[in-house]
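Per-entry structural report
Residue-level listing of the chains:
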Amino acid sequence: MAIGSHITTFGGLAVRDFRRGERPREVAWRLSVDYDADKDRFAEELGLLLDTVGGGTIEALVIGEWGSPYEEPAPLDLLIAARDRLPRLRALFVGEMTYEECEISWIHHGDVSPLLAAFPRLEILRIRGSEGLQMSPVRHRRLRELAVEAGGLPAEFVRGFADSSFPALEALELWLGVQMYGGDATVADLAPILNGTELPALRRLALRNAEIADDLAGALAGAPVVARLEELDLSLGALSDAGAEALLLGQPLTHLRALNLSHHFISGDVAARFGEELPGVRVDTSDEQQADDGDRYVSVTE
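Residues numbered from 1 in each chain as written. Predicted model: local features only at pLDDT ≥ 70, side-chain atom pairs only at ≥ 80, totals over all residues. Heavy atoms only, no water.

Digging into the packing of helix H5 (residues 187-195) against helix H6 (residues 213-220)
The relative placement of two packed helices comes down to the angle between their axes together with the axis-to-axis distance. Rule in force here: With axes taken as lines fitted to C-alpha atoms, and helix axes fitted only over the stretch in contact, angles between N-to-C directions fall between 0 and 180 degrees. Segments assigned H or I by DSSP are reported as helices when at least four residues long, segments assigned E as strands when at least two residues long, and all are numbered from the N terminus. Take the far helix as your reference; a near helix turned counterclockwise from it by less than a right angle gives a left-handed crossing, and one turned clockwise gives a right-handed crossing. Throughout, a contact is declared for two residues whenever any of their heavy atoms are within 4.5 Å. Side-chain classes follow a simple rule in which Ala, Val, Leu, Ile, Met, Phe, Trp, Tyr, Cys and Pro form the nonpolar group, Asp, Glu, Lys and Arg form the charged group, and the remainder, Gly included, forms the polar group.
Across the interface, H5 lies against H6 with an axial gap of 11 Å and an inter-helix angle of 40 degrees. The hand of the H5/H6 crossing is right-handed. Here Val187, Leu190 and Leu194 of H5 lie close against H6, whose contacting residues are Asp215, Leu216, Ala219 and Leu220. When grouped by side-chain class, the residues that make up the contact of H5 with H6 number six nonpolar, no polar and one charged.

Concerning the sheet that holds strand E7 (residues 145-149)
Convention followed: Strands were regarded as paired on the criterion that DSSP finds at least two bridges between them.
With mixed pairing, the 12 strands of this open sheet are ordered in space as E1-E2-E3-E4-E5-E6-E7-E8-E9-E10-E11-E12. The two strands at the open ends of the sheet, each matched to only one other strand, are strand E1 (9-10) and strand E12 (282-284). Examined bridge by bridge, strand E6 (residues 124-128) and E7 share five bridges and lie parallel to one another. Looking at E7, one finds that Arg126 is bridged to Ala147.

Structural notes on a nonpolar patch on the surface
As a reminder, the rule being used: What goes into a patch is any residue over 30% in relative accessible area without a salt bridge, connected to like charges within 9 Å or, for nonpolar side chains (Val, Leu, Ile, Met, Phe, Trp, Tyr), within 5 Å. Note on areas: these come from Shrake-Rupley sampling with a 1.4 Å probe, and a residue is covered only by the protein chains present in the view. When a carboxyl oxygen of Asp or Glu is within 4 Å of a side-chain nitrogen of Lys or Arg, the pair counts as a salt bridge.
Among the surface-exposed residues, Tyr35, Tyr70 and Trp106 lie close enough to one another that they form a single nonpolar patch of about 290 Å² accessible area. Mapping Tyr35 onto the fold places it in the loop between strand E3 (28-31) and helix H1 (39-54).

Some remarks on the side chain of Ser68
How we decide: Burial classification: accessible surface area is computed with a 1.4 Å probe over protein chains only, and a residue below 20% of its type maximum counts as buried, one above 50% as exposed, and the rest as partly exposed.
Along the chain, Ser68 turns up in the loop between strand E4 (60-63) and helix H2 (76-81). Judged by its relative accessible area of 10%, Ser68 is buried. The contact partners of Ser68, leaving out residues within four places of it in the chain, are Tyr35 and Ala37.

Things to note about the packing of aromatic side chains
Going by this rule: By convention, a stacked pair of Phe, Tyr or Trp rings (six-membered ring in the case of Trp) has centres within 6.5 Å and planes under 30 degrees apart, an edge-to-face pair has planes over 60 apart, and any other such pair is tilted.
Under the counting rule described, the total for this entry stands at three aromatic pairs. A centroid spacing of 5.9 Å and a plane angle of 85 degrees characterise the contact between Phe18 and Trp29, whose relative ring orientation is edge-to-face. On the criterion of sequence distance, the pair formed by Phe18 in the loop between strand E2 (13-17) and E3 and Trp29 in strand E3 is long-range, its members being 11 residues apart. The pair Phe18 / Trp29 is uniform in exposure class, with both members buried.

So, the pattern of salt bridges
Under the defined criterion, the tally for this structure stands at 23 salt bridges. Across the pair Arg126 and Glu149 runs a salt bridge, and its minimum N-O distance is 2.7 Å. Here the residue Arg126 occupies a position in strand E6, and Glu149 occupies one in strand E7, the gap between them amounting to 23 residues. Summarising the burial analysis for this pair, Arg126 and Glu149 share the class buried. Notably, a salt bridge pairs Asp214 with Arg296, separated by 3.6 Å at the nearest N-O pair. Taken as a pair, Asp214 in helix H6 and Arg296 in the segment after E12 lie far apart in primary sequence, 82 residues in all.

Next comes the structure, spelled out in structure tokens:
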């Protein structure tokens, strides 16, 4: 799966590209500059957005290209510097680019913890890309949704998240990816998440695009957090019959509202058992893949 189109809604609002002179309200503003623009240009556009629209009216921001995301990290420092002008910001998407603008595994970021500290009212944070991505231990009382889309999510980020505190977090979505592109997180790194003690509000857990999907399924078969989930998502990954069997033989999943296993390497007979054994659960086993000489591939890498 290549990410080939821009989102049209975010944070419950329609996404609108910022154009100079526009002043509509109640939209998620998308801010993006040309690939060859320098960071000063992005800073200028951010200032114009705040001046023209009025930063106090902005609830959701979508950050696209900020110049060359291959070379320069996301301009989190500019957003932090503007925090007093964005008192109502509750939803932020950083790195919302198609593969034609920048391949997902080459989008540069940095430590996102100062950003979270600067915006204590933030409820939704979505990040695309993971080059240089870090999270220092942080406590955030209001974040409800966190998603990181990656071709390879660093173990360092996962451990930083595990050492943080998000008491209001209801939905966590991590694209773990493959080791070739930096996805070196293991089940052991994810253990605090699977235990769930520090995530009391979690109801949706998505560990997507995972090369280690079978290992994750084996761990989830007995993970304490599963008992209070409403949705479990292992889609876009390399799940095979081994992982599927582990889920079927593990703890009950009948309490779930949805189980997403789409883009998988599960045989038809085993996939059919999910519908038979979980009749009240919305199970998605679409997009069956075929192994290539025994090799299984996740949906998004570079």
